[in-house]
Structure formats: structure tokens, C-alpha cells
Amino acid sequence: MVKLQAANCLLKPSQRRQLQSWLKRAIHLGERVGDFILTITVRRVGRMFAMQASVHNTAGHFGCRAKGQTWRDVCRASVRMLALRIHNERLHAAAMA
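Description of the structure in this document. Not measured: the values here are computed from a predicted model.

## Quick notes on the overall build of the chain
Scanning the chain from terminus to terminus reveals three helices and four strands. In terms of overall size, the chain behaves like a compact globule, its C-alpha atoms giving a radius of gyration of 14 Å where 97 residues would be expected to give roughly 13 Å. Taken along the three principal axes of its C-alpha coordinates, the chain extends 45 × 20 × 15 Å. Buried positions account for 37% of the 97 residues belonging to the chain. Taking all contacts inside the chain whose residues are at least 6 apart in sequence as the whole, residues at least 24 apart take part in 48%. Accessible surface, the chain: about 6200 Å² in total, of which carbon and sulfur atoms supply 53%.

Structural data, given as C-alpha cells:
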């Protein structure tokens, strides 16, 4: 399950769809781990964007943060970090079983 919270900035529907398409791999990996909940908060800090993501699943929970000049840069960095961390959790869970 994915929760997207826009704190003090409005996200256009096209931005929401774009973020969902970028997150497809991370969501698929998270669902395979089990009990997957992803919460993403987007806010503006001055002229910059900040994105905070927290993941809760069967393997544990973690969070990651990214800051950048544009919305796209922040999303790209966050999605890459999330996919990498969830992939590592999946590998670790498979090795333990």
C-alpha cells in the first residue's frame, strides 16, 4: 500500500501518476517481502523540494530522505534509494529462509 502526502505543496495529477509509475519496481518488490506499507511525504523547503519516505514490511522498517532543486530530481533519488533498500531486504529474507 502506498500513501502519498503532500505537506505544503500541491502535486498535480500528472506528477502523482509519474511517481506511481517510477515506484512500480519498488512496490512489486515490497509486496513480495510482505505486509508492505510505503508512506511518502513531499514538502517545499524554501526553493527546494524535500521528500521523506518510510517503509514498513515483514523484514522491518526504514526511512530515507532526499532534497533537490526540482521535484523530478527528488523523486528520482528517492525511488532509486527505495528500490535498492527493498531489493536488499528481499535478498536478505531469501537468504534467511
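## What about unusual backbone geometry?
With a phi close to 45°, Asp 35 is a non-glycine residue in the positive phi region. Structurally, Asp 35 is set in the loop between α2 (24-33) and β2 (37-45).

## Brief notes about the environment of Phe 49
With respect to the helices and strands, Phe 49 occurs in strand β3 (residues 48-57). Along the primary structure Phe 49 and Met 81 are separated by 32 residues, whereas in three dimensions their C-alpha atoms are 16 Å apart.

## A look at the packing of aromatic side chains
With the rule as written, the count across this model stands at one aromatic pair. Positioned over the ring face of Phe 49 is Arg 44, at 4.6 Å from the centre of the ring.

## Some thoughts on α2
Within the sequence span of α2, burial applies to Ala 26, Ile 27, Leu 29, Gly 30 and Val 33. Viewed along the axis of α2, the buried residues span an arc of 165°, placing them on a single side of the element. For α2, exposure combined with an orientation more than 90 degrees from the buried face picks out Lys 24, Glu 31 and Arg 32. On its buried side, α2 packs onto β1 (2-6), β3 and α3 (71-96). Phi turns positive one or two residues past the end of α2, at Gly 34, with a value near 115°.

## Quick word on the sheet that holds β1
By definition, the strands of a sheet pair up through backbone hydrogen bonds, in either a parallel or an antiparallel sense. The strand order across the open sheet formed by four strands is β1-β2-β3-β4, and the pairing between neighbours is mixed. Of all strands in the sheet, those with a lone pairing partner are β1 and β4 (60-68), marking the two edges. The mean angle between the axes of side-by-side strands here comes to 15°, regardless of whether they run parallel or antiparallel. Strand direction decides the pairing type here: β2 and β3, joined by nine bridges, are antiparallel.

How each quantity is defined
- Residues numbered from 1 in each chain as written.
- Predicted model: local features only at pLDDT ≥ 70, side-chain atom pairs only at ≥ 80, totals over all residues.
- Heavy atoms only, no water.
- Helix = DSSP H or I, 4+ residues; strand = E, 2+ residues; numbered from the N terminus.
- Rg over C-alpha atoms; globule rule 2.2 N^0.38 Å.
- Buried < 20%, exposed > 50% of the residue type's maximum accessible area, 1.4 Å probe, protein only.
- Contact = heavy atoms within 4.5 Å.
- Areas by Shrake-Rupley, 256 points an atom, 1.4 Å probe, with all protein chains shown as cover.
- Phe/Tyr/Trp six-rings, centres within 6.5 Å; stacked < 30°, edge-to-face > 60°.
- Lys NZ or Arg CZ within 6 Å of the ring centre and 35° of its normal.
- Arc of directions from axis to C-beta.
- Pairing = 2+ DSSP bridges.
- Axes fitted to C-alpha atoms, helices over the stretch in contact; angles between N-to-C directions.

No statement about biological role is implied by the geometric values presented.
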